[in-house]
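# Architecture at a glance
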Amino acid sequence: MSIIRKPLQLKRRQFLQISGLSGINLLLTGCGTPIFEDVVGKLSEPVNQKVESLILQPQKLIPEFSATEIEPQALIVNTFRDTPIIDIEKYRLIVDGEVNNPLSLKMSEIQALPFTSMIIRHVCVEGWAAIVQWGGIRLREIVALAQPKDSVKYAYFVSGDNYYSSWDIASALHPQTLLAYQKNGEPLPVDNGAPLRLASPIKLGYKQSKWVIRITLVSNLSMYKGYWEDQGYEWFAGL
Ligand SMILES: Nc1nc2c(c(=O)[nH]1)N[C@H]1C(S)=C(S)[C@@H](COP(=O)(O)O)O[C@H]1N2
Ligand SMILES: [Mo]
């Protein structure tokens, strides 16, 4: 990925404008470049110190695998409710909660954001694992666009099959936590969570929600923490 480092001075108001829905095309004109890293560091008045520092802070990267190590047959479809039927034209990813700039994004808008691909091991708590290539958008880019308030500590993910989970914000903002729309170089199959699913090498499989339709950023967890978490599975579920 090419990273341009143009000197860029933005006032808070301008940043809020361009970081909104209408700003996505503007920001991406001519280059697929990380929006947030390039822009927010230059703000004269940081919008959110805490989230900003989490995003800019070097987080430990998990070593990735090579393309020859992908195990295309090993990823077992693991769905506990009915697979939802999602109309891609009507689909919107909602990002809300304690944010200054709630989002409602079409897939075409999400796919216009910088593409990231990674080859990682998916680990299911039921005792199987698979090396998979996932392609999509870093979740941190979406979170940054929503302008989270300082209070945000957790992210809730609601899925089209009513599955749900919650993550600590640091894990959600990890550079290898993606909202994936590709698997092994192909468009993400519906059974694996199309149009959009979480993929990350730092969490167990049940944290990696498929068919994500809503992300809510909050300062407190409710008594409901996740489909499996509420049945006694560990909440953090780190790898
Ligand atoms: N919405 C939703 N997401 C989900 C699940 C599910 O049933 N519904 N299963 C989880 C579990 S336990 C695993 S291991 C992975 C499996 O992903 P896969 O079906 O693409 O292999 O999805 C996770 N995400
Ligand atoms: Mo799983």
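Rules used in this analysis
Residues numbered from 1 in each chain as written. Chains lettered and ligands numbered in written order. Predicted model: local features only at pLDDT ≥ 70, side-chain atom pairs only at ≥ 80, totals over all residues. Heavy atoms only, no water. Helix = DSSP H or I, 4+ residues; strand = E, 2+ residues; numbered from the N terminus. Buried < 20%, exposed > 50% of the residue type's maximum accessible area, 1.4 Å probe, protein only. pLDDT = per-residue confidence, 0-100. Contact = heavy atoms within 4.5 Å. Phe/Tyr/Trp six-rings, centres within 6.5 Å; stacked < 30°, edge-to-face > 60°. Lys NZ or Arg CZ within 6 Å of the ring centre and 35° of its normal. Near = heavy atom within 4 Å. Polar contact = N/O pair within 3.5 Å; in protein donor to acceptor, adjacent residues only side chain to side chain. 1 Å grid on protein atoms, 1.4 Å probe; cavity = no way out; pocket = protein on both sides within 12 Å on 5 of 7 lines; lining within 4 Å. Sits in = over half its atoms within 2 Å of the grid points. Nonpolar A, V, L, I, M, F, W, Y, C, P; charged D, E, K, R; others polar. Pairing = 2+ DSSP bridges.

Turning our attention to unusual backbone geometry. Residue Pro195 is reached from Ala194 by a cis peptide bond, and omega for that bond is 10°. Notably, Trp211 is not glycine yet its phi reads approximately 50°, a positive angle. If you trace the backbone, Trp211 turns up in the loop between strand 9 (197–199) and strand 10 (212–218). According to the relative accessible area criterion, Trp211 is buried, its value standing at 1%. Non-glycine residue Ala237 carries a positive phi angle of around 50°. Among the secondary structure elements, Ala237 is positioned in the segment after strand 10.

Before going further, it helps to spend a moment on the confidence of the model for the protein chain. Confidence in the prediction of the protein chain, expressed as mean pLDDT, is 84, and 76% of residues score 70 or more. Here residues 1–46 is a poorly scored stretch, pLDDT under 50, and it has 79 contacts once near neighbours within four places are set aside; other chains count.

This next bit is on the side chain of His122. Turning to its location among the elements, His122 is positioned in strand 3 (residues 116–124). What His122 contacts, discounting residues up to four positions off in sequence, is Leu75, Trp128, Ala129, Ala130, Val132, Arg197, Gly205 and Gln208.

We now examine the packing of aromatic side chains. Applying the stated rule across the entire model yields 10 aromatic pairs. Note on Tyr154 and Trp235: the rings are 5.8 Å apart at their centroids and 70° apart in plane angle, and the pair reads as edge-to-face. With a gap of 81 residues between them, Tyr154 in strand 5 (residues 154–159) and Trp235 in the segment after strand 10 connect regions that are remote in the sequence. Ring geometry for Tyr227 and Trp228: centres 5.1 Å apart, planes at 90°, overall edge-to-face. For Trp228, a relative accessible area of 15% gives the class buried. Ring pairs connect the aromatic residues Phe80, Tyr163, Tyr206, Tyr227, Trp228 and Tyr233, which therefore count as one cluster. The aromatic ring of Trp167 is capped on one face by Lys203, whose charged end is 5.6 Å from the ring centroid.

A separate point is the environment of Pro84. Within the element layout of this structure, Pro84 appears in the loop between helix 4 (49–56) and strand 1 (93–97). Here the alpha-carbon distance between Pro84 and Asp191, two residues 107 residues apart in the chain, equals 9.1 Å. Those residues in contact with Pro84, other than ones at most four positions away along the chain, are Gly160, Asp161, Val190 and Trp211.

A separate point is the site of ligand 1. The local shell around ligand 1 holds 21 residues, among which Ile76, Asp161, Asn192, Arg197 and Lys210 are the closest. For ligand 1, an oxygen atom lies 2.6 Å from a polar atom in the backbone of Ile76. Between ligand 1 and Lys210, the relevant distance is 2.5 Å, taken from an oxygen atom to a side-chain nitrogen or oxygen of the residue. Of all the cavities here, the one that holds ligand 1 is the largest cavity. Considering only residue class, the shell around ligand 1 consists of nine nonpolar, eight polar and four charged.

Moving on, we come to the pairing of strand 10. Burial analysis of strand 10 places five of its seven residues in the buried class, the great majority of the element. Direction of pairing for strand 1 relative to strand 10: parallel, over a ladder of four bridges. Each bridged residue has a counterpart across the sheet, and for Ile94 the counterpart in strand 10 is Arg214. As judged from the six bridges shared by strand 5 and strand 10, these two strands associate in the antiparallel manner.

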